[in-house]
Amino acid sequence: MYEKILIANRGEIAVRIIRACRELNIETVAVYSKADKTSLHTQLADEAVCIGEAPADKSYLNMERILSAAIATGAQAIHPGFGFLSENAKFADLCAKCNIDFIGPSAEIINKMGDKAQARKTMIKAKVPVTPGGEDPVNDADEAYKMAAEIGFPVMIKAAFGGGGKGMRIAESAKEFKEQFNVAKAEAMKAFGDGTMYLEKYIRNPKHVEVQILADKHGNVVTLGERDCSIQRRHQKLIEESPCTAINDKLRKAMSDAAAKAAKAVKYENAGTIEFLLDEDGSFYFMEMNTRVQVEHPVTEMVTGVDIIKEMIKISAGEELSVKQKDIKITGHAIECRINAEIPQKGFMPSPGKITALHFPGGMGVRVDSAAYAGYDIPMYYDSMIAKLIVCDKTRDKAIDKLRSALGELVIEGVSTNSDFAYEIINSDIFKKVYITTDFIGEYFPDYAN
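A brief look at the structure comes next.

Quick look at helix α7 (residues 141-151)
Step number 1: Among all positions in α7, only Ala-141, Ala-144, Met-147 and Ala-148 are buried. Projected down its long axis, α7 carries its buried residues within an arc of 120°, all on one side. For α7, the exposed residues lying more than 90 degrees away from the buried face are Lys-146 and Glu-150.
Step number 2: Here the buried face of α7 lies against β6 (155-159), α8 (174-192) and β8 (197-201).
Step number 3: Following α7 by one or two positions, Gly-152 adopts a phi angle in the positive range, close to 100°.

Here it is in structure tokens:
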């Protein structure tokens, strides 16, 4: 087992990893930008190293400085968390060349699954259901138009590299296709430095369901059930649940088997997520694979009792999975709500600033993952998420009641947050009764959809 791990991230995920390392008696190294000098992760880690100015490209995306910090402090491994360099094949490769373990899959696998067009081909070969679409990536609008006409409108235009809803557009008709393609391509270039696109048939009002997998270096693969991530704004998740109430045992097994098949097809190692679109008729289609830990991993931990971060570290260190598939039991229902420093009424505009007062809820079955504290200055340079509020109870209805109570107790002053909007959703009869799809906010809360 490792003696020291560097966390190449910030915020709540850095704190989450530090806590897991503490329980495994592993020392930790935090890296931080000048804007994060007083951040909680720098105070909880055993060591902290400043790696640059506030902009991410000068700090959290600066591979050389992060690796230099790891070498200087004697860290044997780097945990990238999510975002930043977590799915960067070049960084994983550089870690290997420096004899530092990257806690995640190999550069080869990241490349293979990070290229969404290539991932589609891999899944087709492995006989995992995929959304109807083009088999090859496209760069030219005219070439893409011909492909879209063959697929049939509406089509989803997606960046071949990247995520987080960037570089994605829906073309409802041939008339608007080229404009939407060019907008998506430009956005992808700006966000990921690569304008390669791919096309797939747009499925109206699907559910977004993902299956958590763990795979070790000994060929063992387990699935930890599924998460319903259908409630999104601007293609970014807001509320996640486990299990998905729209799935019966037969469908759950089929999706889990498909996820395991996908992992085995690429000889996957470490934690990952296979994301599917689920149609109302029960048909499901591979969408993409996230080769990292997900923001919403706590709901899976709550219903399975499996510590995903600890498993990631153990897998990277060469240990076998501590659980087998027969050990995985889904108990109860968990819901996670992302608390962001933003103004929902103004298009979810970020709201950085000083937190003047803070109170997190507690009680049985209530968990808060956060790096925020009273007096903390939320920087303007990074993602707006400041906390994740997670609850678990015996049934979905009871979990909803618990989350409503927890949101009512939450106090964050000094900055605007989306907590009132989240409470509005959780407290609505609609949330309890309707078949929730990715169009949920647009259909039932249209004032917040744009």
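So that's the structure; there's more coming.
Some points on the sheet that holds strand β21 (residues 385-393)
Step number 1: Taken in spatial order, the 8 strands of this open sheet run β13-β12-β9-β10-β11-β14-β21-β19, and their pairing is antiparallel. Looking at which strands have only one partner, the edges of the open sheet turn out to be β13 (284-290) and β19 (366-370). The average undirected angle you get between the axes of adjacent strands in this sheet is 25°.
Step number 2: Alignment of β19 against β21, held across 5 bridges, turns out to be antiparallel. Within β21, the position partnered with Ser-370 by the bridge is Ala-387.
Step number 3: Against the sheet, helix α12 (residues 396-409) engages β11 (236-242), β14 (333-340), β19 and β21, with an angle of about 140° to β21.

What about empty space enclosed by the protein?
Step number 1: Evaluation of the coordinates by the stated rule reveals 1 cavity of 30 Å³ or more.
Step number 2: The computed volume of the largest cavity comes to approximately 50 Å³.
Step number 3: As for the largest cavity, its lining consists of Ala-341, Pro-350, Ser-351, Pro-352, Ile-378, Pro-379, Met-380, Tyr-382, Asp-383 and Ser-384.
Step number 4: Of the residues belonging to the lining of the largest cavity, the class tally is 7 nonpolar, 2 polar and 1 charged.

A word on the packing of α12 against helix α13 (residues 419-426)
Step number 1: Between α12 and α13, the least distance of the axes is 10 Å, while the angle of their chain directions is 155°. The angle between the axes of α12 and α13 places the two elements in the roughly antiparallel class. Seen from above, α12 lies across α13 with left-handed handedness. Mapping the contact onto sequence places Ile-400, Leu-403, Arg-404, Leu-407 and Gly-408 in α12 and Ser-419, Ala-422, Tyr-423 and Ile-426 in α13.

Quick notes on the pairing of β6
Step number 1: Burial analysis of β6 places 5 of its 5 residues in the buried class, which makes it a mostly covered element.
Step number 2: The side-chain alternation of β6 yields two buried faces, one formed by Val-155, Ile-157 and Ala-159 and the other by Met-156 and Lys-158.
Step number 3: Across 4 bridges, β6 lies against strand β7 (residues 168-171) in antiparallel orientation. If you follow Ile-157 over to β7, its bridge partner there is Arg-169.
Step number 4: Alignment of β6 against β8, held across 5 bridges, turns out to be antiparallel. Considered in β8, the bridge of Ile-157 is made with Leu-199.

Some words on the packing of aromatic side chains
The way to describe two aromatic rings as a pair is by their centre distance and the angle between their planes.
Step number 1: Evaluated as defined, the whole model comprises 15 aromatic pairs.
Step number 2: One cation-aromatic arrangement involves Lys-178 over Tyr-145; the distance from NZ or CZ to the ring centre is 5.6 Å.

A closer look at the nonpolar core
Step number 1: Ranked by size, the top nonpolar core spans 35 residues in total, and within it Ile-231, Ile-239, Leu-407, Ile-425 and Phe-431 carry the most contacts.
Step number 2: Only β11, β14, β21, α12, α13 and α15 (440-444) provide two or more residues apiece to this core.
Step number 3: Here the element with the most residues in this core is α12; it accounts for 5 residues.
Step number 4: Once residues within four sequence positions are removed from consideration, Phe-431 is found in contact with Ile-231, Ile-239, Glu-241, Arg-396, Ile-400, Ile-425, Ile-426, Ile-436 and Phe-440.

Calculation notes
- Residues numbered from 1 in each chain as written.
- Predicted model: local features only at pLDDT ≥ 70, side-chain atom pairs only at ≥ 80, totals over all residues.
- Heavy atoms only, no water.
- Buried < 20%, exposed > 50% of the residue type's maximum accessible area, 1.4 Å probe, protein only.
- Helix = DSSP H or I, 4+ residues; strand = E, 2+ residues; numbered from the N terminus.
- Arc of directions from axis to C-beta.
- Contact = heavy atoms within 4.5 Å.
- Pairing = 2+ DSSP bridges.
- Axes fitted to C-alpha atoms, helices over the stretch in contact; angles between N-to-C directions.
- 1 Å grid on protein atoms, 1.4 Å probe; cavity = no way out; pocket = protein on both sides within 12 Å on 5 of 7 lines; lining within 4 Å.
- Points joined across faces, edges and corners; volume = space filled by probe spheres on them.
- Nonpolar A, V, L, I, M, F, W, Y, C, P; charged D, E, K, R; others polar.
- Parallel < 35°, antiparallel > 145°, perpendicular 65-115°, else oblique.
- Left-handed = near helix turned anticlockwise from the far one by under 90°.
- Phe/Tyr/Trp six-rings, centres within 6.5 Å; stacked < 30°, edge-to-face > 60°.
- Lys NZ or Arg CZ within 6 Å of the ring centre and 35° of its normal.
- Core = buried A, V, L, I, M, F, W, Y, C linked by side-chain atoms within 4.5 Å.

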